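# Per-entry structural report
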There are 2 protein chains.
Amino acid sequence: MKKFLNTPQSLLDESLNGFAAAHADILCLGEEHKFVRRRTLTPGKVALISGGGSGHEPLHAGFVGEGMLDAACPGQIFTSPTPDQMIAAAEAVHQGAGILFIVKNYEGDVMNFEMAAEMAEAKTASIITDDDVAVETSTYSTGRRGVAGTLIVEKVVGAAAERGIALGALQALGNAINRRTRSMGVALTSCTVPAAGKPNFALGEDEMEMGVGIHGEPGRRRVKLASAHAIAEEMTKAILADLGPARGSEAILLINGFGGTPALELYLLYHEARRIAEGGGVKPVRSLVGSYVTSLDMAGASITLSILDEDQLSYWDAPVHTAALRW
Amino acid sequence: MKKFLNTPQSLLDESLNGFAAAHADILCLGEEHKFVRRRTLTPGKVALISGGGSGHEPLHAGFVGEGMLDAACPGQIFTSPTPDQMIAAAEAVHQGAGILFIVKNYEGDVMNFEMAAEMAEAKTASIITDDDVAVETSTYSTGRRGVAGTLIVEKVVGAAAERGIALGALQALGNAINRRTRSMGVALTSCTVPAAGKPNFALGEDEMEMGVGIHGEPGRRRVKLASAHAIAEEMTKAILADLGPARGSEAILLINGFGGTPALELYLLYHEARRIAEGGGVKPVRSLVGSYVTSLDMAGASITLSILDEDQLSYWDAPVHTAALRW
């Protein structure tokens, strides 16, 4: 295992300390590192809280800040955060207008956020994201997995919350975005969980996992490494088949690296995915290319298309000031 | 070799097409992909042009835009761009106030930018960056290598150019920033140049290359993998020894990933480097953590400290709107 590391046990805390120090103008850490929260809260605004296992950075802590999340709860690596983390975050950021939990569809996350919602004193609502079209159920999920599309839900709902939209309407908006947002991923290599010290799964030198999950969960099939064009075509067409877009639909196209894939390759995938989307009648009018929802050091990437209307796109365009997204 | 790729020969052009399409609001491609330039130029401003071999993305094309570069010339992977690329870029972006070339200290780059300067019709000046403290000469450089600190020079000089500073003063400012900016890197794995199809150099399973260059050039020594703390300590202390900072100096601390290292590990390095810098009497008052000056898919990172005065920090803080840096 070749990583920058002191001990696997201390990695997360040390990394969070570095993250909070590097972005002290935007955010701060909660007690015992239970959560990351905005430094400055907006009175009367619905508070948005997300969270999940670590190892997917910058998701979710990198999306805490003006225009996006109010707090994020980092679990141990690939492990759900606990309800007491969510409760502590809710108490720290609640501003009287309720709490909206944004939860990726994994059993542990869903269960723990449900427990937190029951225990919370504030009024809460939840959005469960499940944008991954690769498989219908998976190792850690009943139903589809929530993957990179989650960042689009968090951005759009975050902007709407900033404009003073109420809890119920925000939940409806988030669910609508989730339904119009679809993703699929591919792994060229495994990732290595530090505490395990060896690759999470085995992939041959000429193999890839098509439809992989963000913890290395099996996808649709393990096949021979193909050209970037063929990979982008299979993933983009699977997404288009699922979305069934009207011709001329406008979309956000997100090419998301899994942590070990450089920008040069991600932009090549963007080039391919864009042409295939356009061939399928979808026009990418907004673009995001980078490593945003990762799987530790995995080489691989996912493609996300999110078909939004004009109002929804204006939320995407609204100012955001977080560690990982800023405009 | 596991990469998103159609053919090694087409990778750069396809990736640049994707890059230009994804960031069409900011930039466009020159004829035959000779350069990337800002979509909108500022009349009367000194034009800033950089460039170098590809494989270091987002450097330099990712820094083209308001507040930073006017154009960047991408060479083939790890290969200097040619003088005709630089001449074409200069003709496209010159606005009557002269051209400033920002060049990393590699023999091919320096020679070709010199030829371009001689052939250019506009008045030109050059800044050669050589921030790498690891070795005094290297495979492709006489004198120190120019590495991640180059982005700090490009940002500061870019902001100054935007404020209307003239060519000679910009060159002096860039040289001053370069002298106060020092870096050192470490590789945990090699990178693989697509056309070669195999790792650039061999590193044992328990080895790292301390002081590596951004093309995988040898560093100071090849040693056993050490803790993140020990790695950060060796690199940060080497930088501090070279800078000889006055106690209480204020600095930018940049932790730069080489392409295959995820954010979780980079923030851990930040945590370590920050404490060591503070112990050495330097206060990191600005921070940047991410993969900005990469070596294809290499796992590894560099640390940069840049000791700036108040005016220089205000240039760092000034607005920037590029593909890779935006605030």
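Below you will find a few notes about this structure. These numbers were taken from a predicted model, which means no experiment stands behind them.

## Concerning the sheet that holds strand 11 (residues 249-257) of chain B
Residue and element names in this part refer to chain B. Strand order across the open sheet formed by six strands is 10-9-8-13-11-12, with mixed pairing between neighbours. Because the sheet does not close on itself, it has two edges, and the strands there are strand 10 (221-224) and strand 12 (282-290). Strand-to-strand, the axes of this sheet are offset by a mean angle of 20 degrees, without reference to chain direction. As paired elements, strand 11 and strand 12 share eight bridges and run parallel to each other. Paired with Ile 255 across the bridge in strand 12 is Val 289. Those strands touched by helix 5 (residues 167-179) are strand 8 (181-187) and strand 13 (300-307), and its axis lies near 50 degrees from that of strand 8.

## Quick word on the relation of the copies chain A and chain B
Least-squares fitting of chain A to chain B yields an RMSD of 0.0 Å, with the superposition described by an axial translation of 0.0 Å and a rotation of 180 degrees. Here the copies are linked by what is in effect a two-fold axis. For chain A, the minimum C-alpha distance to the rotation axis belongs to A:Gly260 and amounts to 2.0 Å. Interface overlap between copies is the fraction of interface residues in one copy that are interface residues in the other; for chain A against chain B it reaches 100%, indicating a shared surface.

## Details of unusual backbone geometry
Of note, the amide linkage connecting A:Glu57 to A:Pro58 takes the cis form, showing an omega dihedral of 5 degrees. Cis geometry is found at the peptide bond from B:Leu59 to B:His60, where omega equals -10 degrees. We note that A:His33 has phi near 60 degrees; this positive angle belongs to a residue other than glycine. Topologically, A:His33 is positioned in the loop between strand 1 (27-29) and strand 2 (36-38). Accessibility expressed as a relative area gives 17% for A:His33, which makes it buried.

## Overview of the interface of chain A and chain B
If you look at the interface, chain A gives 52 residues, while chain B gives 53 residues. Across the chain A/chain B interface, buried area totals approximately 4400 Å², and carbon plus sulfur atoms make up 65% of it. When the area that chain A buries against chain B is broken down by residue, the three leading residues are A:Lys2, A:Phe4 and A:Leu264, summing to 23%. Counting across the chain A and chain B interface gives two salt bridges. Where chain A touches chain B, the interface holds 20 residue pairs in polar contact (both at pLDDT 80 or more). Among the elements of the structure, helix 1 (11-22), helix 6 (228-243), helix 7 (263-279), strand 12 (282-290) and strand 13 (300-307) of chain A are those that each provide at least two residues to the side of chain A that touches chain B. A class-by-class count of the residues in the side of chain A that touches chain B yields 26 nonpolar, 15 polar and eleven charged.

Cut-offs and rules
Residues numbered from 1 in each chain as written. Chains lettered and ligands numbered in written order. Predicted model: local features only at pLDDT ≥ 70, side-chain atom pairs only at ≥ 80, totals over all residues. Heavy atoms only, no water. Pairing = 2+ DSSP bridges. Helix = DSSP H or I, 4+ residues; strand = E, 2+ residues; numbered from the N terminus. Axes fitted to C-alpha atoms, helices over the stretch in contact; angles between N-to-C directions. Contact = heavy atoms within 4.5 Å. Least-squares fit on C-alpha atoms with pLDDT ≥ 70 in both. Buried < 20%, exposed > 50% of the residue type's maximum accessible area, 1.4 Å probe, protein only. Buried area = accessible area lost by both parts, 1.4 Å probe. Salt bridge = Lys/Arg side-chain N within 4 Å of Asp/Glu carboxyl O. Polar contact = N/O pair within 3.5 Å; in protein donor to acceptor, adjacent residues only side chain to side chain. Nonpolar A, V, L, I, M, F, W, Y, C, P; charged D, E, K, R; others polar.

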